[in-house]
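Given next are the chains, with one letter for each unit.
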Amino acid sequence: MRESGGGQRWVLPVVLVAVVLTAVAGLLAREFYLDPVTRTSPPASAVVPTESAVPAAAQPGPRDVRGTADAVGHPLYETTRQLLQTHFDAINGKNYDRWKTTVTDDRVKAMPEPDWQRNYATTTDGTIVVYRIETGPPNTARVLLTFVSKQDPADAPPELPVDCIRWSVVYPLILTGGQWRLDMTATGASPQHDSC
């Protein structure tokens, strides 16, 4: 009996070593077979934010919505990108009906068309970059982004009456009627903004 018990003692260490070696081999194989480009670069659709500003003559910059590697990797990225693209295209095109398709009913009620047209009459937005998407309680999320707006200084916020503003904002998203929409921001939440 003693002999057979001693013979079984070596089985556990051998099995453990085999499992560890298999796991290490799997990780090495994964690294070996990964495309070298994907090992060192963000996804092709991702942008790397830079501090270099768009020249004044080219402001507000490109009008397409882009995302950082962190944002692009989120499962809601493409849905969010399309929603934001429609939203900013509506503002740039002065199309209130299109804008309404991107926001909740509460936002539509808070911004009737005459007010909306007056607020965005001279606004053009660009250099739109999604930095992060965070999911929250069921059917909610938040998107952290920056963008640049050009406008008549008279149409700028009273505390920053300039023609070019860099915005850093957090937009709440809500799933309503099977569609994601931009919701009202929390009371007292003010976006960060400074002149270009």
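Keep in mind that this is a model prediction, so the values were computed, not measured.

## Some details on helix 5 (residues 77–92)
Part 1 of the argument: Here helix 5 contains 16 residues, and its C-alpha end-to-end distance of 22 Å stays within 8% of the 22 Å for a straight helix at 1.5 Å per residue.
Part 2 of the argument: Tyr 77, Thr 80, Leu 83, Leu 84, Gln 85, His 87, Phe 88, Ala 90, Ile 91 and Asn 92 are the residues of helix 5 that are buried.

## Side note on the layout of surface pockets
Part 1 of the argument: In this model, the largest pocket occupies a volume close to 860 Å³.
Part 2 of the argument: The wall of the largest pocket is formed by 32 residues, among which Arg 107, Tyr 120, Trp 167, Tyr 171 and Pro 191 lie closest to the centre.
Part 3 of the argument: Going through the elements one at a time, helix 5, helix 7 (105–110), strand 3 (140–150) and strand 4 (164–176) are the ones with two or more residues in the lining of the largest pocket.
Part 4 of the argument: Broken down by element, the lining of the largest pocket gets its largest block of residues, six residues, from strand 4.
Part 5 of the argument: Grouping the constituent residues of the lining of the largest pocket by class yields 18 nonpolar, nine polar and five charged.

## Quick notes on unusual backbone geometry
Part 1 of the argument: Residues other than glycine seldom take positive phi values, yet Lys 94 does so here, at roughly 55 degrees.
Part 2 of the argument: Note on placement: Lys 94 falls in the loop between helix 5 and helix 6 (96–100).
Part 3 of the argument: Residue Lys 94 is classed as partly exposed on the basis of its relative accessible area, which comes to 26%.
Part 4 of the argument: Of note, the phi angle at Thr 127 is positive, near 45 degrees, even though the residue is not glycine.
Part 5 of the argument: Here Thr 127 is to be found in strand 2 (residues 124–135).

## Observations concerning the confidence of the model for the protein chain
Part 1 of the argument: Of all residues in the protein chain, 69% have pLDDT values of 70 or greater, and the mean over the chain is 79.
Part 2 of the argument: Confidence drops under a pLDDT of 50 for residues 12–43, and excluding neighbours within four residues, the segment shows seven contacts in the predicted structure.

## Regarding the side chain of Gln 85
Part 1 of the argument: Among the structural elements, Gln 85 can be located in helix 5.
Part 2 of the argument: Relative accessible area serves as the criterion here: at 14%, Gln 85 is assigned to the buried category.
Part 3 of the argument: Leaving out residues up to four positions away in the same chain, Gln 85 has contacts with Arg 63, Asp 64 and Val 65.

Cut-offs used in this document
Residues numbered from 1 in each chain as written. Predicted model: local features only at pLDDT ≥ 70, side-chain atom pairs only at ≥ 80, totals over all residues. Heavy atoms only, no water. Helix = DSSP H or I, 4+ residues; strand = E, 2+ residues; numbered from the N terminus. Expected span 1.5 Å × (residues − 1). Buried < 20%, exposed > 50% of the residue type's maximum accessible area, 1.4 Å probe, protein only. 1 Å grid on protein atoms, 1.4 Å probe; cavity = no way out; pocket = protein on both sides within 12 Å on 5 of 7 lines; lining within 4 Å. Points joined across faces, edges and corners; volume = space filled by probe spheres on them. Nonpolar A, V, L, I, M, F, W, Y, C, P; charged D, E, K, R; others polar. pLDDT = per-residue confidence, 0-100. Contact = heavy atoms within 4.5 Å.

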